[in-house]
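Survey of secondary and tertiary structure
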Amino acid sequence: MADLFVRAASGDSAVGASTIVFAANGSGCDLITVFPCFNKGASPDSVSTVTYASSSLTFKDFSSSASIRIEGWFKTGTFTGTTNVVVTFSAALNHSCTAGAQLFTGTNQSTPLGTAQKNASSAGNSTITLTSIGAANSGCDAAASGNSVTVPTQTTSWIDNNQSIGGGGSHAAGNASRTFQWTIGGEWAAIAFEVQASTAAGGAVARYTVPTPLTGIGVGNRLFGDRLTYGILDEAF
């Protein structure tokens with residue numbers, strides 16, 4: 001079973017900075033998704049633009065709790081070499097924050113992402129389980145964010161715990177059912193998208209479910225046939 005995930009990268013910035021800048025290798029990839037994770041409570045911060053290789057990403061959607069906001073941005077194309085992801089904020093940061101990127105290959109260039117799935121809570125674990133409804137070619141990928149991110153239930157792609165809002169990502173090969181979970185306490189917000197494969201992949205559509213959170217944080221995404229679901233979660237301490 002195929003896995004569209006290729007590689008990931010992340011970065012973070014402290015109070016007073018106005019950007020998060022980190023390098024990401026796009027060689028062999030045709031989709032990048034970037035997830036800024038930042039404060040929206042007292043003295044909120046806000047994202048102005050996100051670029052990769054000096055080209056603008058498109059804002060897709062967001063999820064938020066009382067004081068945490070996570071946004072999903074994306075760009076398709078033929079990427080080459082290593083260049084910077086730049087997340088630019090509207091003003092100097094009032095709170096430290098993090099952003100992570102995941103790069104994929106073999107994606108649908110006209111409709112790469114489906115409708116967002118959202119989840120948030122003031123505390124507790126969030127576990128995401130993906131279940132196939134009939135797939136010929138499948139894989140799965142996941143991302144999560146929080147300050148003290150522990151080893152996820154699937155393969156780690158990136159972890160950044162340097163700031164008060166940190167994050168991490170994971171991925172796995174497809175299966176009939178796959179559960180992603182990260183254990184972190186405190187407030188969090190989560191967002192997930194289908195990442196659709198190119199029509200050459202064929203197969204059936206995947207189904208995505210987000211259970212009620214219990215304790216910590218969790219995320220997931222999954223490709224079934226011609227679609228891959230992608231999830232990310234954000235938490236502050």
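This text gives an overview of the structure that appears in the document. (Residues numbered from 1 in each chain as written. Predicted model: local features only at pLDDT ≥ 70, side-chain atom pairs only at ≥ 80, totals over all residues. Heavy atoms only, no water.)

The next thing to look at is the overall build of the chain. Counting its secondary structure elements, the chain contains zero helices and 19 strands. Counting over 237 residues, the chain shows a buried share of 53%. Taking all contacts inside the chain whose residues are at least 6 apart in sequence as the whole, residues at least 24 apart take part in 81%. A total accessible area of about 8300 Å² is found for the chain, and carbon and sulfur atoms account for 49% of it. (Helix = DSSP H or I, 4+ residues; strand = E, 2+ residues; numbered from the N terminus. Buried < 20%, exposed > 50% of the residue type's maximum accessible area, 1.4 Å probe, protein only. Contact = heavy atoms within 4.5 Å. Areas by Shrake-Rupley, 256 points an atom, 1.4 Å probe, with all protein chains shown as cover.)

Of note, Thr-51 is situated in strand β4 (residues 47-52). According to the relative accessible area criterion, Thr-51 is buried, its value standing at 17%. Those residues in contact with Thr-51 that sit more than four places away from it in its chain are Ser-56, Leu-57, Asn-84, Val-85 and Val-86.

With respect to topology, five strands assemble into an open sheet ordered β1-β9-β3-β7-β6, the strand pairing being antiparallel. Every other strand in the sheet has two partners, leaving β1 (5-13) and β6 (58-64) as the edge strands with one partner each. Between one strand axis and the next, the sheet turns through 15 degrees on average, direction left out of account. One ladder, built from seven bridges, connects strand β3 (residues 31-39) with strand β9 (residues 97-104); its direction is antiparallel. The residue bridging Ile-32 from the neighbouring strand is Leu-103, located in β9. (Pairing = 2+ DSSP bridges. Axes fitted to C-alpha atoms, helices over the stretch in contact; angles between N-to-C directions.)

Strand order in the open sheet formed by four strands is β2-β8-β4-β5, and the pairing between neighbours is antiparallel. The open sheet is flanked by β2 (19-25) and β5 (55-56), the only strands paired with a single partner. Examined bridge by bridge, β2 and strand β8 (residues 82-89) share seven bridges and lie antiparallel to one another. Counterpart to Thr-19 in the pairing with β8 is Thr-88.

All right, on to unusual backbone geometry then. Positioned with a positive phi, Ser-43 is a non-glycine residue whose angle comes to about 50 degrees. Assignment of secondary structure puts Ser-43 in the loop between β3 and β4. Unusually for a residue other than glycine, Ala-53 sits at a positive phi of about 55 degrees. Summarising the element assignment, Ala-53 is placed in the loop between β4 and β5.

As a further point, take the packing of aromatic side chains. Inspection of every chain in the model, using the stated rule, returns four aromatic pairs. Residues Phe-38 and Phe-89 carry aromatic rings whose centres are separated by 5.9 Å and whose planes lie at 85 degrees to one another, so their mutual orientation is edge-to-face. Taken together, the residues Phe-38 in strand β3 and Phe-89 in strand β8 connect sequence positions 51 residues apart. Taking NZ or CZ as reference, Arg-69 lies 3.9 Å from the ring centre of Phe-62, over its face. (Phe/Tyr/Trp six-rings, centres within 6.5 Å; stacked < 30°, edge-to-face > 60°. Lys NZ or Arg CZ within 6 Å of the ring centre and 35° of its normal.)

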